[in-house]
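Residue-level listing of the chains:
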Amino acid sequence: MKKLVCWFFVLFTPWAVLPAATSLDVDLGYYLPEGVEYNPDIPKPAEVIGFEPGAWHLRHDQLVRYLETVADASDRMVLTRYGQSHEEKSLHLLIVGSEKNLARLDAIQSHQQWLLDPRGTPPLSDPPLVIWMGYSIHGNEPSGANAVPIIAYHLAAAQGDGEVDELLREAVVLIDPVFNPDGLDRFAHWANVHRGINTIVADPNHREHREMWPSGRFNHYWFDLNRDWMPLVHPESRGRLEQYHLWRPHVLTDYHEMGTDRSYFFQPGVPSRNNPLTPERNYELTADIAGFNARALDEIGSLYYTRETFDDFYVGKGSTYPDLNGTIGILFEQASSRGHAQENSFGGITFPFTIRNQFTTTLGTFRASLAMREELKEFSKWFYRSAAEEAREYSVKAYLFEAPADPAAKFAFFDLLQRHQINVHRLARDTEAGGRSFSTENSFLVPLEQPQYRLARSLFEVLTEFEESAFYDISTWVLPSSFNIDTVELGASALSGLLGEQVETVERPRGEWIGGESGYAYLIAWDGIDSARAVHRLLREGILVRVANRPLTMKTPAGETAFTAGTVLVPLGINPGKTDRIHEILREAVREDSVRVHAVNSGLAVSGIDLGSPSFDALEERKVLVAVGSGVSPLRAGEIWHFFDQHLHVGVSLVELTRINSLDLSRYNTIVLPDGTYGDITDGGVENLRHWIRRGGTVVALQRAANWAVGQNLASASFASPDRSRGPADERLPYADADTLERLKRISGAIVIGEVDTTHPVGYGLPKETMHLFRMGTTVMERSSNPYLTPVAYRGEPLYSGYISDENQERLGGSAAVTVSHSGSGRVVLFMDTPLFRGYWLGSARLFVNSVFFGSSMSSVSLSDEAAHGDEHGH
């Protein structure tokens, strides 16, 4: 009897006072609306997965199995597959509608495409509403995904329910059951293995509620997929976006969880933090939909809030990207039980309760969409008509740019624009603009008078002034900057006569083998990220290769050819018996890595260094340790792991900080310390690192890890004192403004310009001496006291786009972005920025690649009186 009373208390009051341990005997009726009859031929969730929703955390395979079963049993829905995750878990849409609508899905998609340019006769005279319901993009926010079987059952089995009948008749519902299956499974395993069979422990200190690093929030590579709608780095996002642009839904929901000690949030968010390109009408409709969800939660007694905490600014988030594409995107945030039940200041929260709230607002969104269907349909048509009008009125008519010299980066940039359905045109004739010359050979235009005006402008526009300067996420995301592309804005007169043919397709680049086979040597141009992958192919098979530390010009079968520092030499003479294998590897590299391989038949240079010069250094296969674990940022560590694995095809060892304390480090030649705090490394671990560096190891330390390395005397650098100013001593500030005012002092994500020494190994192969860098954090590193060892410094006025306070800009200007510190035979490369930001910042990624591959070429440069006044003993 005690068990039954406890269960009633936990489930049937909105916020239960939880005992330290309780039990969950959940029943499907707890979730479903009262008074609805259900078809007994439709299987209930427990009949397929073996337990009631909320009793355990669902795995992805269990969720899919139920959706397959219910779709087979019902004529109201079909289950489609649109992709798979990194871990090869399937991604699905459960498409729900009447028999009539399910029979004309292609025609409905065609109608939604017609809205982009609504001229002529529409494909359908009676188009249904399209509603996309998306759940659990963060794996440890599982209530949304766990609500999906209940939603599917309700829509498949409800009989005589007017709301469901109307929904089937008037709409097509697209249920995306879990955006992030890899993260969901990671968290489901964690929560379930710590769940008692007879008791549920709500103590916040219980291990179930304290996930181990990196947590289930992230995808396979520890990325936040709710920041990937714009970068599209991951297959989950790419597959989803392809479906999104096919359907162009009227409404898209994005179901999340937040801290345990909250209630329930749904948009609209903070009014002053909306994306400035989102139409005001979007926010009005969002607020109208909110009213329906408020009433739905009122009916079950749940608390909630709106217009606080969350913004709608960054275009790469799931509730903002749709807003710039003609959809009403809506964020939902449920307080998380982070397990099966947990105490909080509201009296406690259970997993079933979180699921019920998500189910309830799903039904609320359906009601709102149906009641507002004519307004929503009219908004979709108006969105693109108004975009065309705004584009005509906007003074900027196009963005002109030169494509990256790196073929892989060029492909990635154009592929990304095409996935976002942004039109790109070739330059019709050579021109000058912005003080630069542009040729038709490699210059392009993105005109703003196109259906995707708002999105294109958002991705290209450089902003440094904002209505609200406190940001939930980053303050800028200029897409060309991530590829180190400088753009020029063109007005109507400047654009006249420049718009050439539209770029219709983007082909993956292939490399070039120039000059045929040689019996002497080959030179691999170090002009892109793929060059590192090609060189790694050789190194991992024991091929001896060398890197040029000075430029050279060689006579090749194609004529005299100039090569920069960083060019990689593959000599055949010192690789006896390996010529055939070298040719196989180079052919493979040309085919897959878009590299330029030049045959040379003599070691004598036309100018610069000869091929036997001591200015060539031997390269070693990279044997890389990446520090991970508690204290390290999973996001930054994940970027590094992903880059090595996906771009370079270099396997790295992911090693917990505590292992570094006693680990034999001799098997590695490179250690990467991602942003984070390193409290788990003991004094003994520091000594272990110190001895390894002095024996010739290379450390690449990023952001806070750079501070830590200096603080432990592993590297030498100085940091500017932080700005502690609070204004006049007698100045009083409103307590209510504290959060906003303190945010203004942060650098939460801005684009700055760095000046690169391309003669230093960190800058080898770069085509220009400026670099767009993504800056986060206010720590300022001073330039090295050795003038040769600051290969990247910020420009005097560093800000390019985004928000940085005047005080922080002054501190940052002219300071070091990258320095190198030497110790014994080794070195530590210190980065102040995140060069691989969110996996798509391929411009500054080359600084990171060079730091890894060319560490041993970074010579210590000693300053002396002789160096300062002239060496009388030279020859």
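## Topic: the packing of aromatic side chains
Applying the stated criterion across every chain yields a total of 43 aromatic pairs. Judged by centre distance (5.2 Å) and plane angle (65 degrees), the rings of Tyr30 and Tyr31 are edge-to-face. Taking relative accessible area as the criterion, Tyr30 reaches 4% and is therefore assigned buried. Residue Tyr31 is classed as buried on the basis of its relative accessible area, which comes to 3%. Both rings, one in Phe313 and one in Trp477, keep their centres 5.1 Å apart while their planes meet at 70 degrees; by these two values the pair is edge-to-face. Of this pair, Phe313 sits in the loop between α10 (280-300) and β11 (328-335) while Trp477 sits in the loop between α14 (453-460) and β19 (487-490); the two residues are 164 residues apart in sequence, bridging distant segments of the chain. With respect to burial, Phe313 and Trp477 carry one shared label: buried. Ring pairing ties together the aromatic residues Tyr399, Phe401, Phe413, Phe414, Phe444, Phe460 and Phe483, which thus form one cluster. In this arrangement the basic side chain of Arg195 is found over the ring face of Trp56, its NZ or CZ atom lying 4.1 Å from the centre.

## Remarks on the pairing of strand β14 (residues 398-402)
Within β14, four of the five residues are buried, leaving the element largely enclosed by the surrounding structure. Across five bridges, the pairing between β14 and strand β18 (residues 443-447) is antiparallel. Bridged to Phe401 within β18 is Phe444. Across four bridges, β14 lies against β19 in antiparallel orientation. Its bridge partner being in β19, Ala398 is matched across the sheet by Leu490.

## Focus on the nonpolar core
Ranked by size, the top nonpolar core spans 172 residues in total, and within it Trp247, Phe644 and Phe848 carry the most contacts. Sequence-distant contacts of Phe644, defined by excluding residues within four places in its chain, comprise Val624, His649, Val650, Val652, Val672, Phe848 and Val852. One finds Phe51, Leu94, Leu168 and Tyr384 within the second-largest nonpolar core, a separate group that totals 72 residues.

## Considering the sheet that holds strand β28 (residues 607-608)
Spatially, the three strands line up as an open sheet ordered β25-β24-β28, and their pairing is antiparallel. Strand pairing shows two members of the sheet lacking a second neighbour, β25 (559-563) and β28, which therefore form its edges. Of the pairings in the sheet, the one linking strand β24 (residues 552-556) to β25 comprises five bridges and is antiparallel in character. Along β25, the bridge assignment pairs Thr553 with Ala562.

## Focus: the sheet that holds β19
Pairing in this open sheet of five strands is antiparallel, and the strands run β19-β14-β18-β15-β20 from one edge to the other. The open sheet has two edge strands with one neighbour each: β19 and β20 (499-502). Shown here is a sheet whose adjacent strand axes are inclined to one another by a mean of 35 degrees, direction ignored. Pairing of strand β15 (residues 425-427) with β18, which is carried by two bridges, proceeds in the antiparallel orientation. In the sheet register, His425 faces β18, and the bridge partner there is Leu445.

## Some points on the pairing of strand β34 (residues 750-756)
Counting buried positions along β34 yields six of seven residues, so the element is predominantly enclosed. Here six bridges tie β34 to strand β35 (residues 770-775), and the two strands are oriented antiparallel to one another. Bridge assignment links Ile751 to a residue of β35, and that residue is Phe774. Bridging between β34 and strand β36 (residues 792-801) involves five bridges; their strand directions are antiparallel. Paired with Val756 across the two strands is Val792, which belongs to β36.

## Digging into the packing of helix α16 (residues 529-539) against helix α24 (residues 845-853)
Relative to each other, α16 and α24 sit at 25 degrees, their axes nearing to 9 Å. Regarding the angle of α16 to α24, the classification is roughly parallel. For the pair α16 and α24, the crossing hand works out as left-handed. Contacts between α16 and α24 pair Ile529, Ala532 and His536 from the former with Ala845, Arg846, Val849 and Phe853 from the latter. The residue inventory of the contact of α16 with α24, partitioned by class, reads five nonpolar, one polar and one charged.

## Section: the environment of Ser369
Secondary-structure assignment places Ser369 in helix α11 (residues 351-371). Taking relative accessible area as the criterion, Ser369 reaches 0% and is therefore assigned buried. A C-alpha to C-alpha distance of 7.4 Å links Ser369 and Ile289, two positions 80 residues apart in sequence. Apart from residues lying up to four places away in sequence, Ser369 is in contact with Leu129, Ile131, Val251 and Leu376.

## Quick look at unusual backbone geometry
Residue Pro214 follows Trp213 across a cis peptide bond; omega there is 5 degrees. Looking at the secondary structure, you find Pro214 in the loop between β8 (200-201) and α9 (235-247). Look at the link from Gln267 to Pro268: it is a cis peptide, with omega at 20 degrees. With respect to the helices and strands, Pro268 occurs in the loop between β10 (264-266) and α10. With a phi angle near 65 degrees, Glu88 is a residue other than glycine that sits in the positive phi range. Relative to the assigned elements, Glu88 resides in the loop between β3 (77-84) and β4 (90-96). Positive phi outside glycine occurs at Ser215, with the angle close to 80 degrees. Within the element layout of this structure, Ser215 appears in the loop between β8 and α9.

## Comments concerning the environment of Ser785
Mapping Ser785 onto the fold places it in the loop between β35 and β36. For the pair Ser785 and Ser718, spaced 67 residues apart in sequence, the C-alpha separation works out to 9.0 Å.

## Overview of the packing of helix α18 (residues 634-648) against α24
It is the contact of α18 with α24, at a shortest axis distance of 12 Å, that shows an interaxial angle of 85 degrees. Taken together, the axes of α18 and α24 lie roughly perpendicular to each other. Across the interface between the two elements, Ile640, Phe643, Phe644 and Leu648 of α18 pack against Ala845, Phe848, Val849, Val852 and Phe853 of α24. Tallied by class, the residues present in the contact of α18 with α24 amount to nine nonpolar, no polar and no charged.

## Examining the confidence of the model for the protein chain
Residues at a pLDDT of 70 or more form 94% of the protein chain, whose mean pLDDT is 93. Scored below 50 in pLDDT, residues 1-17 shows 39 contacts in the model against residues more than four places distant or in partner chains.

## So, the pattern of salt bridges
Scanning the entire structure with this criterion turns up 44 salt bridges. With a closest N to O distance of 3.7 Å, Asp185 and Lys89 form a salt bridge. Placement of the pair is Asp185 in helix α8 (residues 181-193) and Lys89 in the loop between β3 and β4, with a sequence separation of 96 residues. Note that Glu257 and Arg338 form a salt bridge whose closest N and O atoms lie 3.4 Å from each other. With Glu257 in strand β9 (residues 251-258) and Arg338 in the loop between β11 and β12 (341-342), the pair connects residues that are 81 residues apart, well separated along the chain. One connected set of salt bridges, linked through shared partners, spans Asp530, Arg533, Arg537, Glu588, Arg591, Glu592 and Asp593.

## Thoughts on the side chain of Ser458
Residue placement: Ser458 occurs in helix α14. The contacts of Ser458, once residues within four sequence positions are left out, are Asn275, Leu277, Val315, Leu324 and Trp477.

Reading the values: the criteria
Residues numbered from 1 in each chain as written. Predicted model: local features only at pLDDT ≥ 70, side-chain atom pairs only at ≥ 80, totals over all residues. Heavy atoms only, no water. Phe/Tyr/Trp six-rings, centres within 6.5 Å; stacked < 30°, edge-to-face > 60°. Buried < 20%, exposed > 50% of the residue type's maximum accessible area, 1.4 Å probe, protein only. Helix = DSSP H or I, 4+ residues; strand = E, 2+ residues; numbered from the N terminus. Lys NZ or Arg CZ within 6 Å of the ring centre and 35° of its normal. Pairing = 2+ DSSP bridges. Core = buried A, V, L, I, M, F, W, Y, C linked by side-chain atoms within 4.5 Å. Contact = heavy atoms within 4.5 Å. Axes fitted to C-alpha atoms, helices over the stretch in contact; angles between N-to-C directions. Parallel < 35°, antiparallel > 145°, perpendicular 65-115°, else oblique. Left-handed = near helix turned anticlockwise from the far one by under 90°. Nonpolar A, V, L, I, M, F, W, Y, C, P; charged D, E, K, R; others polar. pLDDT = per-residue confidence, 0-100. Salt bridge = Lys/Arg side-chain N within 4 Å of Asp/Glu carboxyl O.

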